[in-house]
Amino acid sequence: MDLYTEYRTEIETRKEQGLNPKPIDDAALTGEIISIIRATDHPHRDEALNFFIYNTLPGTTSAAGVKAKFLKEIVLGEAQVDEISATFALELLSHMKGGPSVEVLLDLALGDDADIAAQAAEVLKTQVFLYEADTDRLKAAFDAGNAVAKDVLESYADAEFFTKLPDIDEEIKVVTYIAGEGDISTDLLSPGNQAHSRSDRELHGKCMISERAQKEIQALKLQHPDKRVMLIAEKGTMGVGSSRMSGVNNVALWTGKQASPYVPFVNFAPVVAGTNGISPIFLTTVGVTGGIGVDLKNWVKKLDEDGKPILNNDGNAILEQRYSVETGTDLKINTKEKKLYSADGDEELVDMSDSFTPQKVEFMKAGGSYAIVFGKKLQTFACEALGVELKSAFAPSKEISHEGQGLTAVEKIFNANARGTTPGKVLHAGSDVRVKVNIVGSQDTTGLMTSQELEAMAATILSPSVDGAYQSGCHTASVWDLKAQANTPRLMAFMNKFGLVTARDPKGEYHSMTDVIHKVLNDITVDDWAIIIGGDSHTRMSKGVAFGADSGTVALALATGEASMPIPESVKVTFKGKMADHMDFRDVVHATQAQMLAQHGDNVFQGRIIEVHIGTLLADQAFTFTDWTAEMKAKASICISEDETLIESLEIAKSRIQIMIDKGMEHENGMLQKLISIADARITQIRSGEKPALAPDDNAEYFAEVVVDLDAIVEPMIADPDVKNADISKRYTHDTIRPISHYRAEKKVDLGFVGSCMVHKGDVKIVAQMLRNLEAKYDKVEFNAPLVVAAPTYNIIDELKEEGDWAVLQKYSGFEFDDSAPKSTARTEYENILYLERPGCNLCMGNQEKAAKGDTVLATSTRLFKGRVVEDAEDKAGESLLASTPVVVLSAILGRTPTLEEYKTAVEGIDLTKFAPPLQRPLATQSAHF
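Undergrad: For this particular structure, what's the right way to read helix H3 (residues 45-54)?
TA: Every α-helix winds through 3.6 residues per turn, so residues three or four apart in the chain are directed the same way. Turning to H3, its buried residues number three or more, namely Arg 45, Ala 48, Leu 49, Phe 51, Phe 52 and Ile 53. The inward-facing, buried residues of H3 contact helix H1 (2-16), helix H2 (27-38), helix H4 (62-76) and helix H5 (86-94).

Undergrad: How should the environment of Pro 264 be read in this particular structure?
TA: Secondary-structure assignment places Pro 264 in strand S6 (residues 263-268). Pro 264 sits in the buried class, given a relative accessible area of 11%. Separated by 207 residues in the primary sequence, Pro 264 and Leu 57 have C-alpha atoms spaced 8.0 Å apart. The residues touching Pro 264, leaving out its near neighbours within four places in the chain, are Pro 23, Tyr 54, Asn 55 and Gln 258.

Undergrad: Help me understand the pattern of salt bridges, please; the structure alone is not making it clear to me.
TA: Pairs can form between side chains of opposite charge once their charged atoms are near each other. This structure, assessed with the given rule, holds 63 salt bridges. As a salt-bridge pair, Lys 125 and Glu 122 come within 2.8 Å of each other at their nearest N and O atoms. In this structure, Asp 527 engages Arg 682 in a salt bridge whose closest nitrogen and oxygen atoms are separated by 3.5 Å. Taken together, the residues Asp 527 in the loop between helix H21 (517-524) and strand S19 (531-534) and Arg 682 in helix H26 (residues 671-688) connect sequence positions 155 residues apart. When sorted by exposure, Asp 527 lands in the same class as Arg 682, which is buried. Beyond isolated ion pairs, a larger network of salt bridges with shared partners links Lys 761, Lys 765, Arg 772, Glu 799, Glu 803 and Asp 805.

Undergrad: Looking at this structure, how should I read helix H29 (residues 805-812)?
TA: Within the span of H29, buried status applies to Asp 805, Trp 806, Val 808, Leu 809 and Tyr 812. Seen end-on, H29 carries its buried residues on one side only, within an arc spanning 155 degrees. The elements touched by buried residues of H29 are helix H27 (761-778), helix H28 (794-803), strand S30 (813-816) and strand S31 (834-837).

About the criteria used
- Residues numbered from 1 in each chain as written.
- Predicted model: local features only at pLDDT ≥ 70, side-chain atom pairs only at ≥ 80, totals over all residues.
- Heavy atoms only, no water.
- Buried < 20%, exposed > 50% of the residue type's maximum accessible area, 1.4 Å probe, protein only.
- Helix = DSSP H or I, 4+ residues; strand = E, 2+ residues; numbered from the N terminus.
- Contact = heavy atoms within 4.5 Å.
- Salt bridge = Lys/Arg side-chain N within 4 Å of Asp/Glu carboxyl O.
- Arc of directions from axis to C-beta.

See the structure below:
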């Protein structure tokens, strides 16, 4: 009983943290618990029985296999447990969600005991997580004349597993809780620096917002036992930054409903809201859990007599309140009328039609989206097995088609990859579509949650329709601490066994690769018509169309090779003019956001596809733009590329994939070699003219168009969190874009960071070139602030070593990473030197390394949210300002933001990342970097 003794010791430790016993997923421990249950006089029997019933995880965990086997013994009368009758044992099996539990239910339903078979069949009819091995057994039994199999199949054909569920409540009473004012990042709901605990749901739940907020939410629940707590972003958007399933899980844990009495800490159906609605990718995650997202629109722009917004002294529109949602406000949601009402029901506050589409209502009824996805497949299978016509029990997918209207790029991709749509029908934006997923990425701070989701849906192997799947190690690359040592090998072993290429080899045969996941996905995406799903908001490839997703949607894509979503609207972005010689392409990215807001007043990118016509840049450089679109609150982005540019990008991708193969990373399923073959086939199509590079139709319709004037970009720009803005809702957004002259060379910089997915090889070369230039001019270079450099990939470092740039960086570095002796503790203090950090996310992620509290950080990264890169000090707010590589490097050397003249002098003769708008004939990129 060693494991049980250890478990009880762990329980005592968790008690000190205010935690319950950790849910059990281990077969050996479950076996010991069953041994105690069998021993009727054991002093811990009652305790063990409680653990077995209420604290053992379902699905395909090894514990679930042992539990299901024991429950089968009880049903058959082979084991006697007074507290668990055969009927109760069947009930417990019904809550175990597939895998070994379905195998046991099939054994019983197809067995010789007619009474047991009938009872098991009734339970089986409620199950939806069946895979081929399960459905093949049912089909074989039916073909052999088994009456029970026929009965179960007929139930599946009628989708009784769904139709017999209770409908959602017509009226939902809610009480409000304002989580914050302004945009609320998912970091507030699930902080990045607590990523290590995400798979321990109860422990991770303690990091949501604050301890005070948790107590206030609990108090609201006690005061309003008949209501659900609605978490609100007042004067802002809820869930910006990432999909973060752990954030939704935390909200559900504190405000939602328990999914099963026999599965601990798995809650669903949270209600979240924002004045400006919910961030698109976070809203998808809310839907996965059967939750409700509310666009409150409770603050609106104050208009003058001419209907124009009245501006304050800062040039921002003045808002006026339509209705109050201050904490403790009672409201009513009418799901039938799809409206939000005041507590007495007399005043209609906002229309909620978008919250209660037929598909979303199905998710709510079924307790989440997984059951609907698997339910549809199960009903189709049953009808085919019985040879009867499919009469779908589910809401028909909305199919929108406009005769004579061309297709945007995303509409073309969705039509090409659609499954189950009306044959021959061309679909436009707004249509609900099931699509084939080509590439899937799982990242390491959500990967353990993804593996849990795969276990929960009883999946054991990667869908054969997925071309490429990769498990990263970049988000935890900075520090190889005890948490990483415990979690990472376990994650890599699970994913490698499932069928993914993994950053670390579970067998230890190849060097661990901590390359930034988005760079790897950008390389293994070898088709511009591909659909990519990744467990991170910056899954924004410059080939194909990529969607950042929660860990559950990633799991679903891995298991089924599919994703379901509406075809988004698109905004077309084109360019005119010429880049000034001293400007870097990163400034074009910032200018796009600033000019879009100037042209349209509101963020027309939010929730839509940005179709950017930037096709003369290679994939690595174009990724700088597509990556930033996450901060523009876009749903996704598509890069329209010239034929020759795309071919060159694909050749580079092939070489990078070959390097992965040469390093020994190829999976036994031959995935990487298959990707090279796909790239070769695509190149042949382009060269032959059979299928040119993806482009929209000339008569495509867009929600809006933005034309970026390159001539107007005359000085570098900085995205500023604007932490002192009098309007709290304007702080920590990415909409404040300022020229460096705004700071008058007076903005003190405490730390510079060149790294994250926003940089490519050229950026690291710029660092080296600037050091050469300044050394030649001043004999030496002295840093007045620390400069942290983290190359995105090992390949880049290898190439920099060959080209002589790495030696320049080493000359000025006071620290260089050593993979043979990785850091085991995070850095808390920085000297005014150059730090050469391991490839990976580093400071951008904020879960391991951080700047000192209260620092002003100038970075090339993407995140300026409060507490992400830098936390507040007692006397000063931490600031994460975002800029181009040359601005960051020069600011670290000066210890402040530069003047325009200082900047121009420093970059003179340096090969910055350049861009020229596409013309009739393709233009090669003007930058040598890739």
